[in-house]
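Each chain is listed here by its residues.
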Amino acid sequence: MIIIFTDVTFPGFSRSLGAYMYANKLKTYSDVQVIDFFGDLSLNTIKKIKRKFKPDIVGFSSTFFQEYKIGRWTPRYFPHSDKYMRDLFKVFNGCKFIYGGVNTELLEPYEKMTWHEGEQRLWLDIRKHTWHENDLLFEDEWLPLETSKGCSFSCPFCCYRKLKIQVHKDLNELRQEITENYYRFGITKYMIVDSMFTTPEAEEKLKMFRDLPFDFKFTCFARVSHFQNLYDLEKWSELFLDAGCMSAYFGIESLNDETLKTIHKGPDVKTQLDILSKLRERWYGQVQIAASFIIGLPKDDLNWLDDLDKGPWDVHHIQPLRLELNSRLKSPFTENPEKWGYSFENGRWKTQYLDELEARKICFKYYFRDKNPIPVMFHYIGHVSNVGLSINSNLNNKETVELLLKKRSAKRKEYLKKLWKL
Ligand code: SF4
């Protein structure tokens, strides 16, 4: 028996698709159970899981494990600590451990594990995904949906880009996956996991979504340059509306032209703002335009920060640059940070303008400022809906986050109840 622990994506709750895809592959060889909510499970629950499933192999899908850090802020909801992690591996004494995902360095200090090559193979597989009864889906849940793999962009801060070309899921298989999920589980809402969703090839997918015999809704990543290349912005934006798009997330990263050139990201700032303004005019009140930015990119003096509230987007989000030098998955930045203008002091990065601590302070100040609170954005719409919170909530408000954590905890209890019944 194989069990695979995977963490719930914060905020709220949503599945990380990779663990479930991997489980489907392993099902050919063994019984497999994916166990969600890893970040919230007490050691007693872990022991109960061991007694129930009697695994000989224990897997960890680590992509969202960094969310433990949230535990430092509200530790009562997140039991993990160094001692917890050491005890956890003792519980599974005698088992083989495998792991995958982007944050494996968080697990490596605790146990010698096998980096599973299966994860690499998953990258080549873009067939229909099947959800199972023992995945314990909730009624009306937002699910992740992969529509293509790979990315032809070359953002140097990115370690996800394993395929340099886009490989699409066959349209019939995609339709079949969505239809099956509807008839078997009543699922109609999706977070599209696809870095290149807005290429012109999306047209046939959008038309298929539009023509489904039920009300289909989704959130997706979007690229300004894709919209720039489309000759008919009016028609294209209309199609997104008709297909059920609720939020499009544009990774703008910086409003400094030099920086954009250096990180090979999109057209110049003026062109990007023009395109987004047109989209906003068309989508206003219907499709949320979410824009994200990174604090600490090369050559970036951050002179644009004060303009953020005036931009042509409904919500925007800033985050500090993370340079995980020890991570098994490398980006051009982490492979050769000096080349990009980064030096290190006490393990933290530094540019000519600021260091990592300053970047975090800027973001924190911004997250908790009183005016202009930031509402739920992008895939978070699915995460918070999945625990029953309104998508119009303000996640920068401490009371709302407390409520969200309570709701997430209630969802975990509901999940475990189903797990014990298997
Ligand atoms: S950040 Fe997104 S667009 Fe850029 S290379 Fe990575 S996956 Fe592609």
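Everything that follows concerns the structure shown earlier in this document.
Residues numbered from 1 in each chain as written. Predicted model: local features only at pLDDT ≥ 70, side-chain atom pairs only at ≥ 80, totals over all residues.

Points about the overall build of the chain
Right, so step 1: Per the secondary structure count, the chain includes 14 helices and 15 strands.
Right, so step 2: For the chain, buried positions account for 38% of its 422 residues.
Right, so step 3: Sequence separation of at least 24 residues holds for 75% of the intrachain contacts in the chain that already meet a minimum separation of 6. (Helix = DSSP H or I, 4+ residues; strand = E, 2+ residues; numbered from the N terminus. Buried ≥ 20, exposed ≤ 12 C-beta atoms within 10 Å, placed from the backbone. Contact = placed C-beta atoms within 7 Å.)

Side note on the pairing of strand E11 (residues 245-253)
Right, so step 1: Burial within E11 is extensive, with seven of its nine residues counted as buried.
Right, so step 2: Pairing geometry for strand E10 (residues 217-222) and E11, over five bridges, is parallel. Looking at E11, one finds that Phe218 is bridged to Cys245.
Right, so step 3: Bridging between E11 and strand E12 (residues 288-295) involves six bridges; their strand directions are parallel. Across the sheet, the residue bridging to Gly251 is Ser292, located in E12. (Pairing = 2+ DSSP bridges.)

Comments concerning the sheet that holds strand E6 (residues 142-146)
Right, so step 1: Strand order in the open sheet made by the six strands is E6-E9-E10-E11-E12-E13, with parallel pairing throughout. With one partner strand each, in any of the chains shown, E6 and strand E13 (315-320) form the two edges of the open sheet. Shown here is a sheet whose adjacent strand axes are inclined to one another by a mean of 20°, direction ignored.
Right, so step 2: Across the sheet, helix H10 (residues 269-283) lies against E11 and E12, angled at about 150° from E12, the strand it touches most. (Axes fitted to C-alpha atoms, helices over the stretch in contact; angles between N-to-C directions.)

Observations concerning the site of the ligand
Right, so step 1: In the neighbourhood of the ligand, nine residues make up the surrounding shell, with Cys151, Phe153, Cys155, Cys158 and Ser195 lying closest.
Right, so step 2: Taken together, the residues of the shell around the ligand sort by class into five nonpolar, three polar and one charged. (Near = placed C-beta within 6 Å. Nonpolar A, V, L, I, M, F, W, Y, C, P; charged D, E, K, R; others polar.)

As for the packing of helix H5 (residues 171-185) against helix H6 (residues 202-210)
Right, so step 1: Two elements in contact, H5 and H6, have axes whose closest approach is 11 Å; the angle formed by their N-to-C orientations is 30°. Classified by the angle their axes make, H5 and H6 are roughly parallel. The hand of the H5/H6 crossing is right-handed. Within the contact between the two elements, H5 uses Leu171, Leu174 and Arg175 and H6 uses Glu204, Lys205 and Met208. (Parallel < 35°, antiparallel > 145°, perpendicular 65-115°, else oblique. Left-handed = near helix turned anticlockwise from the far one by under 90°.)

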